[in-house]
Amino acid sequence: MEPMSSDTGAPRPRLFSGMQPTQDSLHIGNYLGALVNWVCMQEEFEAIYCVVDMHAITVDVEPELLRARTRATAAQYLAGGVDPAQSAVFVQSHVAEHAELTWILSCLTGYGEAGRMTQFKDKSTKTGAEGSNVGLFTYPILMAADILLYDAAKVPVGEDQRQHLELTRNLAQRFNARYGPTLVVPEPHIVKDTAKIQDLAHPSAKMSKSAPAGALTLLDDPKVLRKRIMSAVTDTGREITFDEEAKPGVANLLRIYSALDGRDIPTLEADYQGRGYGDLKKDLVEVVLAVATPYREKTMAYLNDPAELDRILADGADRVRPIARATLDRVYERVGFLAARR
Ligand code: TYM
């Protein structure tokens, strides 16, 4: 992948992350918990950002909708500031090695170990045994393959992915212990202040694509964003103080505000002393729109030129495929597969 080195000529450590194209728009949790960090880290790291379309078919989705959302997700990476000249942006299904490594890692994963993944338990409880599928069960193994294929040192994600990262590390260590040093054991990169943005309507739950009523979906109409913020659940009392136990709703609004506007939370508390929740919300609307408006415009510009977007994605896949192939060749050799003629 070019360019591979920093100004000093030393190769930059590699970084990998991805998002599922399961909605038309990212929400502010995806944006603050992941995308903002991706953009900050792309100078220091050789970054690879993937739209994980294979993960997205663990739930039923219309093929045309999946295609549209795959492009929309890639467009939002770019609109948020991922620079395709610097970082590789690609679609998971364009690099067949993801599925191939998943098989090898599946054979190293305990059945009980996969069953302990809390996201699997949550999702399969919601859908019931009938709606659940084996792909949902092996989902974290595909995620481990995504990361391990690229020898990624760091993986910037939100708090909800911590357990999947732990599994990835365990699988890498297990492979290395059994077959000799082969895979890089990655570190999660989870930024505490923004790793868990809560639902605006239910501040005790994580903001999630599956509960749009409490989410700030960035491509939504400004009127919708305004309404969601103005009707966000706050707490009893009137003072604007950061107290996650007693005032989780206000604390969540302050976190979002601080992350977008740059003022730290104590400064915001001081600035809003003696003022009410209504003032805080009204100002937060402006802060959110100042980010969402150019983000929406840039996303639309990419989506209006699908040929250019597809070219960026094809280039990204071309850049990362040799890295993935080299890792898989190493893995196949270690496992004891006969070398194939190429
Ligand atoms: P996904 O698509 O659900 O979410 C994308 C990213 O957004 C973060 N996130 C949040 N951060 C803070 N507050 C929230 N409320 C919030 N909701 C979501 C997620 O932690 C994630 O970083 N399994 C992954 C996708 C994936 C992946 C990978 C990630 C597949 N392969 C390899 C990293 C590396 C997922 O479903 O993310």
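On a predicted model such as this, the values are computed, not experimentally measured, just so you know.

With respect to the element layout, histidine 189 can be found in strand β5 (residues 187-189). Histidine 189 gets classed as partly exposed once you look at its relative accessible area, which sits at 23%. Taking the C-alpha atoms as reference, histidine 189 lies 9.4 Å from glutamate 159; in sequence the two are 30 residues apart. Not counting residues up to four positions away in its chain, the partners in contact with histidine 189 are Met41, Lys154, Val155, Pro156 and Val157.

Here the focus is empty space enclosed by the protein. Evaluated as defined, the whole model comprises 1 cavity of 30 Å³ or more. What the largest cavity holds in volume is close to 50 Å³. Surrounding the largest cavity, Gln119, Phe120, Lys123, Leu136, Tyr139, Pro140 and His164 form its lining. Listing elements by their share of the lining of the largest cavity, those giving two or more residues are α6 (118-131) and α7 (134-148).

Right, let's talk about the pattern of salt bridges for a bit. Applying the stated criterion across every chain, the model contains 24 salt bridges. Among the ionic pairs, glutamate 97 bridges to arginine 325, the shortest N-O distance being 3.2 Å. Of the two residues, glutamate 97 sits in helix α4 (residues 97-106) while arginine 325 sits in helix α13 (residues 306-335), which places them 228 residues apart along the sequence. For glutamate 97, a relative accessible area of 5% corresponds to the buried category. For arginine 325, a relative accessible area of 18% corresponds to the buried category. Sharing partners across several salt bridges, the network here consists of Glu97, Glu100, Arg325, Asp329 and Arg342.

This paragraph deals with the side chain of threonine 299. For threonine 299, the position within the fold is in helix α12 (residues 277-303). On the accessibility criterion, threonine 299 (0% relative accessible area) is buried. Ignoring sequence-local partners within four residues, the contact set of threonine 299 consists of Ala72, Ala75, Gln76, Ala79 and Leu219.

Parameters and conventions
Residues numbered from 1 in each chain as written. Predicted model: local features only at pLDDT ≥ 70, side-chain atom pairs only at ≥ 80, totals over all residues. Heavy atoms only, no water. Helix = DSSP H or I, 4+ residues; strand = E, 2+ residues; numbered from the N terminus. Buried < 20%, exposed > 50% of the residue type's maximum accessible area, 1.4 Å probe, protein only. Contact = heavy atoms within 4.5 Å. 1 Å grid on protein atoms, 1.4 Å probe; cavity = no way out; pocket = protein on both sides within 12 Å on 5 of 7 lines; lining within 4 Å. Points joined across faces, edges and corners; volume = space filled by probe spheres on them. Salt bridge = Lys/Arg side-chain N within 4 Å of Asp/Glu carboxyl O.

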